[in-house]
Amino acid sequence: MFEVRDNPEDARFDAFLDGRRIGELTYSIDGLVITLIHTGIRSEHERQGYGTTLVTQALDLIRDTGMSVIAVCDFARSVIDARPEYGDLLKEA
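Worth saying up front: this structure is predicted, and the values here are computed from it rather than measured. (Residues numbered from 1 in each chain as written. Predicted model: local features only at pLDDT ≥ 70, side-chain atom pairs only at ≥ 80, totals over all residues. Heavy atoms only, no water.)

A look at the nonpolar core
Generally speaking, a soluble globular protein has its nonpolar side chains buried in company with each other. Ranked by internal contacts, the top residues of the largest apolar core, which has 26 residues, are Phe-13, Leu-36 and Leu-59. Secondary structure elements with two or more residues in this core: β1 (2–7), β2 (12–17), β3 (20–30), β4 (33–41), α1 (50–65), β5 (68–71) and α2 (74–81). The element contributing the most residues to this core is α1, with six residues. Every residue in contact with Phe-13, bar those within four places of it in the chain, is listed here: Val-4, Arg-5, Asp-6, Gly-23, Glu-24, Leu-25, Tyr-27, Ile-34, Leu-54, Ala-58, Leu-61 and Ile-62. (Core = buried A, V, L, I, M, F, W, Y, C linked by side-chain atoms within 4.5 Å. Buried < 20%, exposed > 50% of the residue type's maximum accessible area, 1.4 Å probe, protein only. Helix = DSSP H or I, 4+ residues; strand = E, 2+ residues; numbered from the N terminus. Contact = heavy atoms within 4.5 Å.)

Right, dumping it as structure tokens:
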């Protein structure tokens, strides 16, 4: 089972597969703006869609907070650009 959890102490969303951490999406927060910095998935799990799912599930969690998003991470930005349903979260830097 794939799961994404916010880890505010380490400023990242952690991705878990069957209970094992396989990736992260790091961020910083300034007021009501969250900046997505870097998405990383362990090499043995790359190109299986986990990075995209990590970003979209993190965006769903962010939406619940009412925060806006700045995506400096190229991967996260490409995921958002490919999915218009997340466009309303974007705040330009």
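From this point, the narrative continues.
Structural notes on the sheet that holds β3
Within a sheet, neighbouring strands are paired by backbone hydrogen bonds and run either parallel or antiparallel to one another. Here we have five strands laid out as an open sheet, ordered β1-β2-β3-β4-β5, and mixed in their pairing. Pairing within the sheet leaves two strands with one partner each, and these edge strands are β1 and β5. Across the sheet, the mean angle separating the axes of adjacent strands is 30° when strand polarity is ignored. Summarising the sheet, β2 and β3 pair through six bridges and their orientation is antiparallel. When the sheet's bridge partners are listed, Phe-13 is paired in β3 with Leu-25. Packing of α1 onto the sheet brings it into contact with β1, β2, β3, β4 and β5, and relative to β1 it is tilted by some 50°. Against the sheet, α2 makes contact with β4 and β5, and its axis sits at roughly 125° relative to β5, the strand it touches most. (Pairing = 2+ DSSP bridges. Axes fitted to C-alpha atoms, helices over the stretch in contact; angles between N-to-C directions.)

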